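Structure assessment
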Amino acid sequence: QEAFANQEEAIRPFIYPNKMVEQIEDLIAKGQANYLVQENFPIYNNSEIKYYPLGDDTYPDLLKELAKAKHFIFMEYFIVEEGEMFNTVLTILKQKVKEGVEVRFMYDDMGSLTMLPFRYYQKLESYGIKCIAFNHFVPFISAVMNTRDHRKITVIDGNVGFSGGFNLADEYINAKVKYGHWKDTGVMIKGEAVWNLTLMFLTTWNASLNTFEDYDKYHPRHYICPEISPNGYILPYGDSPLDNKPVGKNVYLNMINQAQKYIDTPYLIINDEIKNALCLAVRRGVDVRIITPGIPDKKMVFKVTRSYYEPLVNGGVRIYEYTPGFIHAKNFVCDDKIATVGTINLDYRSLYLHFECGVYMYDVPAIKDIKEDFLKTIAVSKEMTPEDVVKGRFRGWLEAILRLFAPLL
């Protein structure tokens, strides 16, 4: 915790303030941006963003941009598994090292525990790739193991960044079928807004090694996008379980409390504060719709998720299950002008225990694509009716017991 606090202090000189917030006319977007700026995440209007409705769509562009790298590549993922997706990425990374590109790779040791061989980071280092296995797994009960790096970040030369829900494993691009069709989402950012992702990566990297370095050498002097462009406002942000500031939860609550919304989440494990906010939004006349998986990846978690259906549906929230398979996306869309895409689930782990990240957007063209994708997903999903969510006595007790263990699921 002290190492992360030291890094937060070290990066302050490299958080370059701007006056973009003052230019935002919409009061809701301006308030959200102002909050995130105060948490040291600047907002930018000189960048562009592309939305991907599937990991399958993100993958080709990720490979293409990695192959273009000239200076450095930073990659940070929760789950990494050897297979078609990661092996292709690794081939490019090894080639880039030979070309003199600095490559740093970070994966969560717990998240990839059953996916990678023991001490896999040593294998990557043998290729010249600098590597960290975040928060090494220890084979005994430890509260420290609850703190995981759930972020998904790629930064290429400081000019191009990727984030979203997808990890580096074959199910995320539907090259392997585990739980039906796997629906995930991602974004590619080009321009100055990538700097927020760069700082997030370097903060975690340096805190893990307890080292310091010149952050500024990874700040490009020239960006792909022009200084002024009609691309709206983009704000990548992060969340840490170590600073007692639930940024991810606050961003979601601000969106719930202020506008119409559509929500994708694989795990709907919420507290009374969020449940009441969702139901209150309906009573204000807001159209609140949530999509959850039709085929679960974790059956116990799925039972807990479904335990929240009854009070939400009876409160007027419309809930849909994605019948083709598992939806892993974490999207919020509000009023056709505000959205966030990232790694943050609506569950206890994401909101309180994990390192997370998201990309907040206002008035960018990609928001239209996110909304359209949501409506297309609803079209192949089953809406939960009050009759669907009625519980018997035993089922109700079982779910109540499971909720007690929600923070551990």
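Structure shown above.
Residues numbered from 1 in each chain as written. Predicted model: local features only at pLDDT ≥ 70, side-chain atom pairs only at ≥ 80, totals over all residues. Heavy atoms only, no water.

Here we look at the environment of E383
- Position of E383 relative to the elements: it lies in strand β18 (residues 381-383).
- Relative accessible area serves as the criterion here: at 30%, E383 is assigned to the partly exposed category.
- Along the backbone, E383 and I319 are 64 residues apart, and their C-alpha atoms lie at a distance of 5.7 Å.
- Those residues in contact with E383 that lie beyond four places of it in its chain are R318, I319, Y320 and D388.
- A distance of 2.9 Å separates polar atoms of two side chains, one belonging to E383 and the other to R318. (Helix = DSSP H or I, 4+ residues; strand = E, 2+ residues; numbered from the N terminus. Buried < 20%, exposed > 50% of the residue type's maximum accessible area, 1.4 Å probe, protein only. Contact = heavy atoms within 4.5 Å. Polar contact = N/O pair within 3.5 Å; in protein donor to acceptor, adjacent residues only side chain to side chain.)

Some remarks on helix α5 (residues 84-98)
- In this model, α5 (15 residues) spans 22 Å end to end at C-alpha, consistent with the 21 Å of a helix rising 1.5 Å per residue.
- Listed as buried for α5 are M85, F86, V89, L90, I92, L93 and K96. Projected down its long axis, α5 shows its buried positions confined to an angular sector of 165°, all on one face. Residues T91 and K98 are exposed on α5 and point more than 90 degrees away from its buried face. (Expected span 1.5 Å × (residues − 1). Arc of directions from axis to C-beta.)

Quick look at the packing of helix α8 (residues 247-258) against helix α9 (residues 272-283)
- One can describe the packing of α8 onto α9 by two numbers: an axis separation of 9 Å at closest approach and a directional angle of 20°. Relative to α9, the element α8 is oriented roughly parallel. Here the hand of the crossing between α8 and α9 comes out left-handed. In contact with K249, L253, I256 and N257 of α8, α9 contributes E273, I274, A277, L278 and A281.
- Class assignment for the residues of the contact of α8 with α9 results in six nonpolar, one polar and two charged. (Axes fitted to C-alpha atoms, helices over the stretch in contact; angles between N-to-C directions. Parallel < 35°, antiparallel > 145°, perpendicular 65-115°, else oblique. Left-handed = near helix turned anticlockwise from the far one by under 90°. Nonpolar A, V, L, I, M, F, W, Y, C, P; charged D, E, K, R; others polar.)

Topic: the nonpolar core
- Grouped together as the largest cluster of nonpolar side chains are 142 residues, with contacts concentrated most on F105 and L278.
- The dominant element in this core, judged by the number of residues it contributes, is helix α7 (residues 194-209), at nine residues.
- Every residue in contact with L278, bar those within four places of it in the chain, is listed here: I256, I263, I270, V288, I290, L312 and V317. (Core = buried A, V, L, I, M, F, W, Y, C linked by side-chain atoms within 4.5 Å.)

A few points about helix α1 (residues 2-10)
- For α1, the full list of buried residues reads A3, F4 and Q7. Buried positions in α1, seen along its axis, are confined to an arc of 95° and lie on one side of it. Looking at α1, the residues exposed on the side facing more than 90 degrees away from the buried face are E2 and E9.
- In this structure, the buried residues of α1 make contact with β4 (130-134), α7 and β17 (354-362).

Some details on unusual backbone geometry
- In this model, R119 sits at a positive phi of 55°, which is unusual for a non-glycine residue.
- Mapped onto the elements, R119 comes out in the loop between β3 (102-108) and α6 (120-126).
- Here N174, not a glycine, exhibits a phi torsion of approximately 60°, which is positive.
- Structurally, N174 is set in the loop between β7 (160-164) and β8 (181-183).

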